[in-house]
Amino acid sequence: MTRSSQKLIKRRNASFLRNGRLSSWQQQTLGTTKPRYLEQLENYLRKELLLLDLSTDSAQELKLQPYREIFEFFIEDFKTYKPLLSSIKNAYEVMLAHQREKIRALEPLKAKLVTMNEDCNERILAMRAEERSEISMLKKEKMNLLKIIDKKNEEKISLQSEVTKLRKTLAEEYLRYLSERDARKILIADLNELRYQREDMSLAQSPGIWGEDPMKLTVALKMTRQDLTRTQMELNTMKANFGDVVPRRDFEMQEKTNKDLQEQLDSLRDDYREVCKEHDMLLQLHMSTLKERDQYHSELQEIQRTSTPRPDWSKCEDVVAGGPDRWQMLAEGKNSDQLVDVLLEEIGVGLLQEKDFFPGLGYEESIPPFLRFEGVVENKKPTKKDVINLLKDAWKERLAEEQKEKFQDFFLNFLERRFGPADTMAWAYTIFENIKLFRSNEVMSQFYAVLMGKWNESVYIKQKETVTQLLKEMTNVDSQNEGLLTMEQLSTVLKSTFPLKKEEKIQELMEAGGWHPNSSNADLLDYRSLFLEDEEGQSRPFVQQLWEQYLDEKDDYLKELKQELGLELREKVTLPKVREALMTIDPKLDKQTLNSYLSQAFQLPVTELPEEPEEKTENIIIQLQTVLERLQMADVRRMGPREQEPVPRSALTG
């Protein structure tokens, strides 16, 4: 604070004291509820705040000045505590000055951050434009390559037909050449026979040429001719027997070609059968799609005929308390159905605040114990935050005890301990009307569901234990205790804590926690902020996504149970059938958990459940719809994966 400001404060203080507007606290009597000195200070503060101009940028600094002056009055009047109060004031002034310097130093960084953000956005847009152009070029290149492939396939088919024709022509030429070769050999043999006869005739005409015995030569010639005749006969026999025989090399080649063609034929036949099956399936799908299209078209026409125009929700800005800003906050991210709930809550709040009394519902057995009262009870008119804090205290006390009594009885006893017997019913009716109205609030809706028996309290307790265990696992991974985890560490913790969740479910949780597909795995995340709650008890999107996945998984589990039983909702089912179906869809289910599910479904104590599947089960029969509704109320979740069924041989050979 500057010296001029201090002088101004002293002058105002002195003038205040001279005019008699301030008096010492020692002059106040013990009978007054509020000291006069305090009232004068409050009036002075109120007037000073009204005189300030809060529309400027330094409104908070100006607003702080009257409080400084009030503190100076305290320091001046309380002489005994003046050194201590002065030191406190100086410490705060030094800290404020330090904070101002830090803010001034951070202003350039803020501008730099905005500039860098704009540059990054421009680079991202440029990269996306390049990717789009590159994708377009690749698509064009793909189309060109497909055209070339089609052209090559046509050329291949043409060449195959030409090769077949050439092979046929070659076989004909081969047969013709074989016949010509055989005719040529026969002609050569005839020529040799004629030549031998001519030589024999010449030898017979001149017997003295060789100087040998003609008889000997005649016998030799005769024997030679016999050998020639025998050889010629053998040759003719071989020609007759093996004239049409194909060489072994050609036979093996043709056999191999035939085998390849047979394999191709079998493969094409199998492909043809598969294509026929797919064609039949596509025809059925096409027909069902046409039916669905016609049905949807008729439904659309009916909706267009009977539907009302979409409401203009901007009209609610001037009606809801808080104006357009509060309506924008309430309507953010909500569909029309949720906006109707918001409007009903806003209207209900006004009506609830106007009520001074609630009529009692009586003492009938259908009335919950905490509402059994005859007459009228007072509306305590608490704020929404007060109700939420009261419900949180009730849960803390419930979790701390052994939970022997029913939840409705516990709630009544809790209110009696908190507010006394006289105001118990008034607070019971007040809280019940509030939690029945605010369905969009997480704390109130969950408490209402457990209180009215729509959920077992084990559902709430198990969910809280799951969230606590997940936070513990993240803390164990954070060895430096910095409160930060990388996205890779977050993914590892989620997969180890929830081993049965699919990959897309893990990604949904990570996205709810702040992860994006284009972000790096090395990015740091403040994991503790994922588990915080706002002043109305609403959880962060991460915990809400975890709760929604639990509800979806429970629905899928019960649908799988119904499908395994293969019954309609109105049909009745026995306890052994439900036991067998649960063990089939969830083989890892332990005996204790299985008995708890059966106890909930058939409303029997665990001790009265039969040990053997066939023991005492003749009268234990109930509607399937009732079984599913009772299991929906309990904490039902999968204990392990379902065993995979063997793959059919037809799928392997197809």
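An unreviewed UniProt entry lists the protein under the name Translin associated factor X interacting protein 1, with Rousettus aegyptiacus as the source organism.

Asker: Help me get a handle on the overall build of the protein, residues and values and all.
Answerer: Helices and strands together make up the secondary structure of the protein, namely 20 helices and six strands. Within the protein, the fraction of its 654 residues that count as buried is 25%. About 47400 Å² of surface is accessible on the protein, with carbon and sulfur atoms providing 55% of the total.

Asker: For the packing of aromatic side chains, give the residues involved together with the corresponding values.
Answerer: Within this structure, the stated rule accounts for 17 aromatic pairs. Pairing Trp395 with Tyr460 gives two aromatic rings, centres 3.8 Å apart and planes at 15 degrees, and the pair type is stacked. A residue pair is termed long-range when its members are at least 10 positions apart, and Trp395 in helix H9 (residues 384-400) and Tyr460 in helix H13 (residues 457-477) qualify at 65 residues. Tyr460 carries the same exposure label as Trp395, and that label is buried. Over the ring of Phe498 we find Lys501, and its NZ or CZ is 5.2 Å from the ring centre.

Asker: Explain the nonpolar core to me, using residue names and the numbers behind them.
Answerer: Counting 36 residues, the largest nonpolar core has Leu391, Ile431, Ile435 and Phe447 as the members making the most contacts within it. Elements with a contribution of two residues or more to this core: H9, helix H10 (407-419), helix H11 (424-437), helix H12 (442-451) and H13. In terms of residues, this core owes the most to one element, H11, which gives nine residues. Residues contacting Phe447, with those up to four places away along its chain left out, are Leu391, Ala394, Trp395, Phe407, Phe411 and Ile435.

Asker: Could you give an account of the environment of Leu628, with specific residues and numbers?
Answerer: Take Leu628: it is sitting in helix H19 (residues 624-633). Sequence spacing of Leu628 and Leu561 is 67 residues, and the spatial spacing of their C-alpha atoms is 8.8 Å. Not counting the four nearest positions on each side in its chain, Leu628 is found in contact with Leu558, Leu561, Lys562 and Leu569.

Asker: How would you summarise a nonpolar patch on the surface if you had to cite specific residues and measurements?
Answerer: A contiguous nonpolar patch, built from Leu84, Ile88 and Tyr92 and spanning about 320 Å² of accessible area, is present on the exposed surface. Assignment of secondary structure puts Leu84 in helix H4 (residues 82-205). The exposure class assigned to Leu84 is exposed, which follows from its relative accessible area of 52%.

Asker: Would you mind going over the UniProt feature "coiled-coil region" (unreviewed entry) in the protein in detail, with residue names and values included?
Answerer: UniProt records the feature "coiled-coil region" (unreviewed entry) at residues 135-169 and 251-278, using the numbering of this structure. Here residues 135-169 runs as 100% helix and 0% strand, with 51 Å between its end C-alpha atoms. Within residues 251-278, the helical portion is 100% and the strand portion 0%, while the C-alpha atoms at the span's ends are 40 Å from each other.

Asker: Explain the pattern of salt bridges to me, and be specific about the residues and the numbers.
Answerer: Here the structure, examined in full by the defined rule, presents 25 salt bridges. Between Glu397 and Arg417 there is a salt bridge, with its nearest N and O atoms 2.2 Å apart. Within this pair, whereas Glu397 is found in helix H9, its partner Arg417 is found in helix H10, the two being separated by 20 residues in sequence. Look at Glu397 and you get partly exposed, because its relative accessible area is 28%. Look at Arg417 and you get partly exposed, because its relative accessible area is 48%. With its nearest N and O atoms 3.0 Å apart, the salt bridge here joins Arg637 to Asp635. A residue is classified by how much of its surface remains accessible, and Asp635, at 17% relative accessible area, is buried. Here the residues in one salt-bridge network are Glu76, Lys79 and Lys82, joined through shared partners.

Asker: How would you explain H11 if you had to name every residue and give the values?
Answerer: For H11, which comprises 14 residues, the first-to-last C-alpha distance of 20 Å matches the rise-based estimate of 20 Å (1.5 Å per residue) to within 8%. Of all 14 residues making up H11, twelve are buried, and the element is well covered by its neighbours.

Parameters and conventions
Residues numbered from 1 in each chain as written. Predicted model: local features only at pLDDT ≥ 70, side-chain atom pairs only at ≥ 80, totals over all residues. Heavy atoms only, no water. Helix = DSSP H or I, 4+ residues; strand = E, 2+ residues; numbered from the N terminus. Buried < 20%, exposed > 50% of the residue type's maximum accessible area, 1.4 Å probe, protein only. Areas by Shrake-Rupley, 256 points an atom, 1.4 Å probe, with all protein chains shown as cover. Phe/Tyr/Trp six-rings, centres within 6.5 Å; stacked < 30°, edge-to-face > 60°. Lys NZ or Arg CZ within 6 Å of the ring centre and 35° of its normal. Core = buried A, V, L, I, M, F, W, Y, C linked by side-chain atoms within 4.5 Å. Contact = heavy atoms within 4.5 Å. Patch = residues over 30% accessible without salt bridge, like charges linked within 9 Å, V, L, I, M, F, W, Y side chains within 5 Å. Salt bridge = Lys/Arg side-chain N within 4 Å of Asp/Glu carboxyl O. UniProt positions renumbered as here; feature names shortened; annotations may be inferred. Expected span 1.5 Å × (residues − 1).

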